[in-house]
Each structure stands twice: as C-alpha cells, then as structure tokens.
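Observations on chain architecture
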Amino acid sequence: MRIVNVALGARSYDLKIGTGLLARVGRECARLALSRRCVIISDRNVAPRYGQAAQEALAKAGFAPSLVAIPAGETAKCLKTLKSCYDQLAAQRLERKSFIVALGGGVVGDLAGFVAATYLRGVPFVQVPTTLLAQVDSSVGGKVGLNLTAGKNLVGAFHQPRLVLCDLETLNSLPMREYRAGLAEVIKYGIIYDAGFFRRLERGLPMLLRRDPPALAAVVARCCEIKAEVVRQDETESGLRAILNFGHTIGHALEAISGYGKFLHGEAIAIGQVAEAKLSAQVLGLPSRDAERIERIFQRAGLPTRVKLNTPQQRRLLAAMKLDKKVSAGEIKFVLARRIGVVEFGHQVPATLIPAAINSQLSTIH
Ligand SMILES: NC(=O)c1ccc[n+]([C@@H]2O[C@H](COP(=O)([O-])OP(=O)(O)OC[C@H]3O[C@@H](n4cnc5c(N)ncnc54)[C@H](O)[C@@H]3O)[C@@H](O)[C@H]2O)c1
Ligand SMILES: [Zn+2]
C-alpha cells in the first residue's frame, strides 16, 4: 500500500492506494475516532458491486452503517438528489458526529461530499473512489458540489475528507470508456507538473491500458502526490491550484454546449488539453514538438482530440466559456503550457484563435 499525505494542518489526511482496501475500510475508519453511526452514499452501479463489502467491513469494525444509493451519472449531481440525501439522513437521524462514506466515482464523491459539508453544518466524510478519475483527481482536495441547470459545479464548498481509500481492484469493473476518460486527468498531471512522469506515461501507456496493477499503483500514487502538493500550496484556489484546470476552460464549455451528454468529462478535457496546447504554442511558445506529443498521447489512449464545430456552435462555445465561474470581469483566462511539465495560469487568449484550435474534420457535435 502507498500512502500520500495531504498536509493541511488540522485538516491533514492520508490517501491510501493499493489493493484490498475496500475490505479494510472499517479498520481504516476505526483509526479516525469517528462515532459508530455512518451512512455510505453510493450510486446504483457501484452499490450492487461494492456496497455490501463496504457495509460488512464497517460493521465488522464496530460501526453501524446504512446505505443510500443515488442514481448513476452526471445528472444525479443535482439539487433533487441532494434533497433526497438530506431527507434520508434526517429519517435515519444521522447525528453531528456520524460520518459519511462516499463510495463511487466523482459524481458520488462531489455530491456526498457536499452533503457532508452542509448537513448539520458539516459532518466528517471518507472518500472511497471507484473510478480512475475519482482516484487521481476528484476525491483529493476537498472541492465538493453539484450542478445547476445553468451550469456545472455552480454550487459547492470546500470540505476536506478525513481519509481517501483508493482500492485499485475496484477499477477492474470500470467500463473501458470510463477508464480512458480517467487517463485524460492522469496525462494532465504530466503536462502541468512533471515532464519525467509524462515521459514514463508515453513509455508505459500499453501497460496502463491493460490496467497492470503495479503500473497503475505507481501512476495513481504519483497523480495523488501532485494533486496533494498543489492543494497543500493553495487549498482554496487563490492561485496555483488553477493549473489543475489545464484543458478545462475549453473542456467544460464543450460539455456545456453538448448538453453534458455527448462527451464524458475526460473526453472533453482531452480535446480541451490538445486545443489549449495549440493555443500555448501560439501564445506562449510551447514547442510544436511538445504540442504534437500531447496530441499523440491522447490519441494513443483512445481519447478524442478534436471536434468539428459549426459557426453557431463556435458562438455558443465562446459564450459558455464566458459563463464559466473562473472568468473574472468578463475575461477568459487560460492555463497555458510553456513546455511539457511547466504551465502558467492567468493568460488571456484572443477569442479569434480558439475555434481553429478545436476544429477538425474528425467528429461533429449533433
Ligand atoms: N471535486 C473535484 O475536485 C473534481 C475533480 C474532477 C472531476 N470532478 C467531478 O467528477 C465527476 C466525474 O467523475 P467520474 O468520471 O468518476 O464519473 P461518475 O461518478 O459518473 O462515474 C462514471 C460511471 O462509472 C460508474 N462506476 C463508478 N465506479 C465504477 C466501478 N468501479 N465499476 C463499474 N462502474 C463504475 C458510475 O456509476 C458511473 O456510471 C464530474 O461530476 C466532475 O465534475 C470533481
Ligand atoms: Zn477534470
């Protein structure tokens, strides 16, 4: 098992990465001096697979767990599901010292984390992420929240978990498309922070695509280390943490204009990262060889890298980028790469460059 600490003073916690961790969730929670009562929040794909194992492990360690299963998928990250979670916690008389276990992907982690941040003005929570994306990204760092009709993640809070348990074995049941989407965030860490890691990914990609356990353990641990380091330096995103949004300015807008249906988040940010690498080449002098390596690795991972937008779609994309909550005073700010491993945030990009960076004949939005 590998352990990465997120050093945030009194809010510090460990990320534990390895196999067989689901069966240890009870023992691991027992070290945290939490009260007996807890509620596992999961979704309807994950609960039938792993809910019982989590409940048994918690019960064996002396906890009294119950299970709440929300619908699966991004549309469940909404006010309606939030209300139903609150109602079920109230019906079960969850108390201030009780805790929540988020068992699932980023949707469950974000929503259950927001429930934990707000129910009774905050209860402790533990993340047990079961998608690659959640293990390397969303379960770490304390950003929790949900979507409104007007946009993604518009309601949220910072609420750090007490522990994150990444059981690599749970990834075996993840559909290949979801797994590839998680690789988009993995590759992002190489681009924004660690050129050596990017090179190792280029070499090790075939093993990673086979979900080879040692390769996966090393990669998940390195991603968690990078995220933990960035979050330690800037917990509430007043600066550095923005580098984690590389590829997301365009990626989020693509998700928004396609109604959150066409692309998985990881797919949208694969296109976004390739487009923002091209903008980096134009605006910040990213060597074109680096931009090519970036596009190539996403292609090899089986991710989309370009999309064809017609003129109305281009207009809607720019409008969606301006609605993003990271916009200040109407200016769209980008994270751009100077070279692989080194990015800078807060760069303005002329709007006229954006459509060409995204467009190609490869796929269209319908
Ligand atoms: N809080 C953050 O810092 C942060 C960072 C990045 C992304 N996010 C959020 O994360 C969400 C995306 O997360 P995601 O990609 O994990 O999506 P997800 O939670 O919807 O999971 C993807 C799908 O896989 C299923 N699934 C999960 N684990 C499985 C398993 N082990 N086996 C089989 N099926 C499984 C889920 O039921 C779902 O259908 C988005 O809402 C995004 O905004 C948050
Ligand atoms: Zn992301």
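The structure reproduced in this document is the subject of the present report. These numbers were taken from a predicted model, which means no experiment stands behind them.

Thresholds, definitions, all that
Residues numbered from 1 in each chain as written. Chains lettered and ligands numbered in written order. Predicted model: local features only at pLDDT ≥ 70, side-chain atom pairs only at ≥ 80, totals over all residues. Heavy atoms only, no water. Donors = N, O, S within 2.8 Å, 3.2 Å for Na, K, Ca; no water. Helix = DSSP H or I, 4+ residues; strand = E, 2+ residues; numbered from the N terminus. Buried < 20%, exposed > 50% of the residue type's maximum accessible area, 1.4 Å probe, protein only. Near = heavy atom within 4 Å. Polar contact = N/O pair within 3.5 Å; in protein donor to acceptor, adjacent residues only side chain to side chain. Areas by Shrake-Rupley, 256 points an atom, 1.4 Å probe, with all protein chains shown as cover. Nonpolar A, V, L, I, M, F, W, Y, C, P; charged D, E, K, R; others polar. Salt bridge = Lys/Arg side-chain N within 4 Å of Asp/Glu carboxyl O. Right-handed = clockwise from strand over helix to strand, strands pointing away. Core = buried A, V, L, I, M, F, W, Y, C linked by side-chain atoms within 4.5 Å. Phe/Tyr/Trp six-rings, centres within 6.5 Å; stacked < 30°, edge-to-face > 60°. Patch = residues over 30% accessible without salt bridge, like charges linked within 9 Å, V, L, I, M, F, W, Y side chains within 5 Å. Contact = heavy atoms within 4.5 Å.

Donor atoms from the polypeptide that coordinate the zinc ion (ligand 2) comprise E185 (OE), H248 (NE2) and H265 (NE2), at 1.9 to 2.1 Å from the metal. Within one chain, the residues serving as donors to the zinc ion (ligand 2) are arranged as E-x62-H-x16-H. You can see H248 sitting in helix α9 (residues 248–257) and its partner H265 sitting in helix α10 (residues 265–284), a full 17 residues away along the chain. Each member of the pair H248 and H265 is classed as buried.

So, on to the site of ligand 1. Taken together, 26 residues form the shell around ligand 1, and within it D43, E74, G106, T131 and S173 come nearest. K77 places a polar side-chain atom, nitrogen or oxygen, 2.9 Å from an oxygen atom of ligand 1. The contact in question runs from an oxygen atom of ligand 1 to an N or O atom on the side chain of T131, over 2.6 Å. In isolation ligand 1 offers 870 Å² of accessible surface; the protein chains occlude 90% of this area. Within the residue set of the shell around ligand 1, elements represented by two or more residues are α2 (46–60), α4 (106–118), α5 (132–138) and β8 (151–158). Class assignment of the residues belonging to the shell around ligand 1 gives a composition of seven nonpolar, nine polar and 10 charged.

So, about the pattern of salt bridges. Scanning all chains against the criterion turns up 21 salt bridges. One salt bridge in this structure joins D87 and K83, with 2.8 Å as the shortest N-O distance. Of this pair, D87 and K83 both sit in helix α3 (residues 79–91), four residues apart, which is roughly one turn of that helix. By relative accessible area, K83 is classed as exposed at 52%. Across the salt bridge formed by K188 and E185, the nearest N and O atoms sit 2.9 Å from each other. Linking K188 with E185, this pair stays in helix α6 (residues 176–193), spanning three residues, or about one helical turn. You'll find K188 and E185 in the same group, each marked buried. Three or more residues joined by partner-sharing salt bridges are found here, namely E74, K77, D110, K152 and E255.

The next point concerns the pairing of strand β5 (residues 99–104). Burial runs high along β5: six of the six residues are buried. As a crossover connection, the stretch from β5 through α4 into strand β6 (residues 125–129) is right-handed.

Here we take up the nonpolar core. The biggest cluster of nonpolar side chains holds 56 residues, and the ones touching the most others in it are L132, V186 and F298. With 11 residues, the top contributor of residues to this core is helix α8 (residues 213–233).

Per the stated rule, a full pass over the model turns up two aromatic pairs. Consider the rings of F63 and F99, whose centres lie 5.3 Å apart with planes at 80°: the pair is edge-to-face. Linking F63 in the loop between α2 and β4 (64–70) with F99 in strand β5, this pair joins segments that are 36 residues apart in sequence. An angle of 25° between the planes, with centres 6.3 Å apart, marks the rings of Y86 and Y119 as stacked. Taken as a pair, Y86 in helix α3 and Y119 in the loop between α4 and β6 lie far apart in primary sequence, 33 residues in all.

Once that is clear, we can look at a nonpolar patch on the surface. On the surface, a cluster of nonpolar side chains totalling about 230 Å² of accessible area is made up of L79, L148 and L154. Turning to its location among the elements, L148 is positioned in strand β7 (residues 143–148).

You can see D137 is positioned in helix α5. With near-sequence residues (within four places) excluded, D137 lies in contact with E185, K188, Y189 and K227.

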